Every structure is written in C-alpha cells, then in structure tokens.
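# Descriptive analysis of the structure
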Amino acid sequence: MDLRITEIFLSIQGESSHAGRPCAFVRLTGCPMRCVWCDSEYTFTGGERVSFDEIFAKLEEFGCPLVEVTGGEPLAQKAVFRFITELCDRGYEVLVETGGYVSTDPVDERAKIVLDVKCPASGEAERNHWPNLERLRPDKDEVKFVVADMADWEFAKDIIEKYRLIQNAKEVLVSPVFGVENLPEIAEAVSRSGLKVRLNLQLHKYIWGAETKGV
Ligand code: SF4
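Attention here is on the structure that accompanies the text.

About the cut-offs
Residues numbered from 1 in each chain as written. Predicted model: local features only at pLDDT ≥ 70, side-chain atom pairs only at ≥ 80, totals over all residues. Heavy atoms only, no water. Phe/Tyr/Trp six-rings, centres within 6.5 Å; stacked < 30°, edge-to-face > 60°. Helix = DSSP H or I, 4+ residues; strand = E, 2+ residues; numbered from the N terminus. Lys NZ or Arg CZ within 6 Å of the ring centre and 35° of its normal. Core = buried A, V, L, I, M, F, W, Y, C linked by side-chain atoms within 4.5 Å. Buried < 20%, exposed > 50% of the residue type's maximum accessible area, 1.4 Å probe, protein only. Contact = heavy atoms within 4.5 Å. Salt bridge = Lys/Arg side-chain N within 4 Å of Asp/Glu carboxyl O. Pairing = 2+ DSSP bridges. Right-handed = clockwise from strand over helix to strand, strands pointing away.

Quick look at the packing of aromatic side chains now. One pair of aromatic rings is described through two measures. These are the centre distance and the angle between the planes. Applying the stated rule across the entire model yields six aromatic pairs. Aromatic pair Phe9 and Phe25: ring centres 5.0 Å apart, planes at 10 degrees, arrangement stacked. Of this pair, Phe9 sits in strand E1 (residues 2-12) while Phe25 sits in strand E2 (residues 22-28); the two residues are 16 residues apart in sequence, bridging distant segments of the chain. Site record: aromatic cluster; members linked through ring pairs are Phe52, Phe56 and Phe83. Lying over the aromatic face of Tyr101, Arg127 brings its terminal NZ or CZ to 4.5 Å of the ring centre.

Right, dumping it as structure tokens:
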C-alpha cells in the first residue's frame, strides 16, 4: 500500500500540548478545503506515491517515538487509516492533525486526534463535520480554533460552550493566524475568558520562519 506524500521530516512539534517535543512528520498531499489563510498550499497538488515500507524505513532512520500524520488533509486519502493503525502497531505515539472536514470515525483509537474547527474568517466554517466534536476523548484528543479576528474568537467560544469542549477534549487550543496584527488583543481576550484553554503559537515558525518548509 502507499500514500501520496508531500514531505517526511524530523523536527520539533510546534503546536498543541505536545509543543516542543521532538516529532517526525508525515505530510500527505491534497486537501478538499481552501482556508483563506492556509499555510500549506504547497500540499494541494504534486507529491509522490511512497509505499508504507519506505515511510516506515524513513521513520526508523529518525528514531523518534512521536509521529504526526498531517497534510493537507491527511484523512482524505483512504489508505491513511490502515497506515495509522500500522504506525500504532509499531509502537509509535501517533498524532493525527485534521482539518475537520473528514470524519475521524475510522481512525485507530490508539491515535490522538488534533481536530481543527474552522472559524468564519477561514471561509470554510460551513464545512466543519460537527459529529467529529462529539467523538473527542477527554484523555487524548485536542481541538484547535485558528482565529484571525475577534469575530472568530466569539465563534470559538460559542462552539466551546455548545459542545462542552473544556470537559470533552484534553486541550482546547486557540491559535491566532501567524502574523495577525491583533495578536495582543486576542491574547488578552483569551486571558480574560476564564476558560481552561491554551493560546497556541506555532513554535516552528518562530524558530525557522513562516516560509520554511520541512520543519
Ligand atoms: S484544511 Fe488545512 S491544509 Fe486544508 S486548506 Fe485549510 S489550512 Fe490548508
């Protein structure tokens, strides 16, 4: 079996409660969404077909116990569900970063989901697959709101309340779009919210810059 892959690399996990940990990334090609602030447009096309065995060999070379399966939208390729299971079978701690459009139901239960909820400024809020929020597990899954402005933050708060995400997810991440001018305003609103949420800055972009790929 194989997957269409854009890049495989070893780096530091830049986001979520796992930020700062060494992490191997398997970035799949393709995404059915078109978020206006997308920082991964280079994954929309191209890539190359890589066999599971070749991917596992590369991961063994890295020797890193934490692996993130990401994209693009990793769950848009059907073979990925089998791939995630085989990663788990090999003893890796597996993170699956998904844009929230595809159902997470078939994902191996040993993998940890980091689920994006698209806010209005993304232009894709209509395409959130809401049942994914009802599947979150409080001991391992995280939910991430990428916010571009205060209207997005208000939207995020409504969804947090509606789906009881503080109780139902391990972490609720509030992730300002990189370079957004009103970052201090968003940070202050988060600090005053009284909510058990985490401001999520993309560590890798501060280390290597926003345009550097493969890090
Ligand atoms: S879901 Fe992710 S990869 Fe797809 S367009 Fe949105 S930000 Fe980009």
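In this structure, Ile84, Phe145 and Leu165 are the most contacted members of the largest nonpolar core, which totals 59 residues. Ranked by the residues each element gives to this core, the list is headed by helix H2 (residues 80-89), at six residues. Contacts of Phe145, omitting those with residues within four sequence positions, involve Val117, Cys119, Ala156, Ile159, Ile160, Leu165, Val172, Leu173, Val174 and Ser175.

What follows deals with the pattern of salt bridges. The tally for this structure, following the rule as stated, stands at 20 salt bridges. Note that Glu171 is salt-bridged to Arg198, the shortest N-O span being 3.0 Å. Here Glu171 is found in strand E8 (residues 171-176), whereas its partner Arg198 is found in strand E9 (residues 198-199), with 27 residues between them in sequence. Look at Glu171 and you get buried, because its relative accessible area is 15%. We classify Arg198 as partly exposed; its relative accessible area is 35%. Connected through salt bridges with shared partners, the residues Glu15, Glu97, Asp116, Lys118 and Lys144 form a single ionic network.

Every other side chain in a regular strand lies on the same face of the sheet, so the side chains alternate between the two faces. The buried fraction of strand E5 (residues 93-98) is high, at five of six residues. Where strand E4 (residues 66-70) meets E5, four bridges bridge the pair, whose relative direction is parallel. Bridge pairing links Glu68 to Leu95 in E5. Handedness of the β-α-β unit built from E4, H2 and E5 comes out right-handed.

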